[in-house]
Each structure stands twice: as C-alpha cells, then as structure tokens.
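Here is how the chains run, residue by residue.
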Amino acid sequence: MSESKRWRLWIDDEDRTDECDDLDFGVPALVYNAPGDEGARRSVLGPRGFWIALTGPSEGLSALAHDGKQVHRLKLAFGAEAIPVPVEFHEEWTEASGVRKLFGCLASNRDHEPQWVTESQLAEA
C-alpha cells in the first residue's frame, strides 16, 4: 500500500495506486445559459460529469487509452470516501517537460443521450 499518497485508485477492480505518480480530477456540472428578459442570462446547472488525468502512468495504465472506445470501472478514494464512475480513457501524451499523462472522462451512455427520432419511432417505443 502506498502510504505517501492521500488517494487510492482502482480500475476494473484492480488496485492501480502505485501505477501512476499523481492525478488530477474534477466533477464539473454542465452549465446551461437560459435566456432572460432584455438579453439577461441565467445559468442553470445540469448533470455532473467526471474527468481524470493521471501523471506518470505505468505502461499498463497507458495501454487503457483506446480513444474512449472501452469503458472501465474506476474508483477513486480519499480516506473513507470514494467515487465509483464508469470511465473511458481517451488519450495519452507526453508534455514538453517529458512528463507522460493519461486522460479519461465519464463514459458516454448513448442510450440516454438526446437524439432526433421520427414520430413513428416514438410510437413504437
């Protein structure tokens, strides 16, 4: 167990904490700008997302980058709290400083995304 890290990382039920040097993450909310009277705008928060950037990933973690084509079960824990989230790893790159990074975000659920359909498709559903 890595005592020096204040977080723990599991991917697909495997402890991967020691396979990267550090990580950044965020749980941003989608922000909608609702038009108002006389050009005024109001912001309305929508659903939360998730992103993660791993610094110095191992070769095994780097191999997870599939342009977002594969979903992985990720769990990130700080102390007694954890956030489990389905993640797609999109890309790995090397910064100008020589540090390697791996980026992933909340996996898309195409069945629940808005999509245009015909009225007949709605009637069939």
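About the cut-offs
- Residues numbered from 1 in each chain as written.
- Predicted model: local features only at pLDDT ≥ 70, side-chain atom pairs only at ≥ 80, totals over all residues.
- Heavy atoms only, no water.
- Phe/Tyr/Trp six-rings, centres within 6.5 Å; stacked < 30°, edge-to-face > 60°.
- Helix = DSSP H or I, 4+ residues; strand = E, 2+ residues; numbered from the N terminus.
- Buried < 20%, exposed > 50% of the residue type's maximum accessible area, 1.4 Å probe, protein only.
- Lys NZ or Arg CZ within 6 Å of the ring centre and 35° of its normal.
- Contact = heavy atoms within 4.5 Å.
- Salt bridge = Lys/Arg side-chain N within 4 Å of Asp/Glu carboxyl O.
- Pairing = 2+ DSSP bridges.

## Thoughts on the packing of aromatic side chains
The geometry of an aromatic ring pair is captured by the separation of the ring centres together with the interplanar angle, meaning the angle of the planes.
So, step 1. Counted according to the given criterion, the structure contains two aromatic pairs.
So, step 2. Geometrically, the ring pair formed by F25 and F78 is tilted, given 5.7 Å between the ring centres and 35° between the ring planes. Of the two residues, F25 sits in strand β3 (residues 22-26) while F78 sits in strand β7 (residues 71-78), which places them 53 residues apart along the sequence.
So, step 3. By relative accessible area, which is 34% here, F25 ends up partly exposed.
So, step 4. Linked through ring pairs, F25, F50 and F78 together constitute an aromatic cluster.
So, step 5. It is K75 that lies over the ring of W10; its NZ or CZ is 4.3 Å from the centre.

## Some details on the side chain of R16
So, step 1. Inspection of the secondary structure assignment puts R16 in the loop between β2 (14-15) and β3.
So, step 2. Ignoring any residue separated from it by four or fewer positions in sequence, one finds R16 in contact with L9, W10, I11, G60, L61 and L64.

## Focus: the pattern of salt bridges
So, step 1. All chains considered together, the criterion is met by six salt bridges.
So, step 2. Across the pair D15 and R8 runs a salt bridge, and its minimum N-O distance is 2.0 Å.
So, step 3. Assessed through its relative accessible area of 38%, D15 is described here as partly exposed.
So, step 4. According to the relative accessible area criterion, R8 is buried, its value standing at 15%.
So, step 5. Notably, a salt bridge pairs R110 with E113, separated by 3.8 Å at the nearest N-O pair.
So, step 6. E113 gets classed as partly exposed once you look at its relative accessible area, which sits at 35%.
So, step 7. Through salt bridges with shared partners, a single ionic network connects E59, E92 and R100.

## Concerning unusual backbone geometry
So, step 1. The backbone phi angle of D13 is positive, close to 65°, even though this residue is not glycine.
So, step 2. On the secondary structure map, D13 appears in the loop between β1 (8-11) and β2.
So, step 3. Residue classification places D13 among the exposed residues on the basis of a relative accessible area of 62%.

## What about the environment of G68?
So, step 1. Mapping G68 onto the fold places it in the loop between α1 (59-62) and β7.
So, step 2. For the pair G68 and A96, spaced 28 residues apart in sequence, the C-alpha to C-alpha distance is 24 Å.
So, step 3. The contact partners of G68, leaving out residues within four places of it in the chain, are E88, F89 and H90.

## Details of the pairing of β7
So, step 1. Both β1 and β7 contribute to a ladder of four bridges, which runs antiparallel. Paired with L9 across the bridge in β7 is L76.
So, step 2. Taken together, the eight bridges between β7 and strand β8 (residues 81-94) define a ladder with antiparallel strand orientation. The residue of β8 that forms the bridge with H72 is V87.
So, step 3. If you look at the hairpin formed by β7 and β8, you'll find two residues sitting between the two strands, and G79 has a positive phi there, around 60°.

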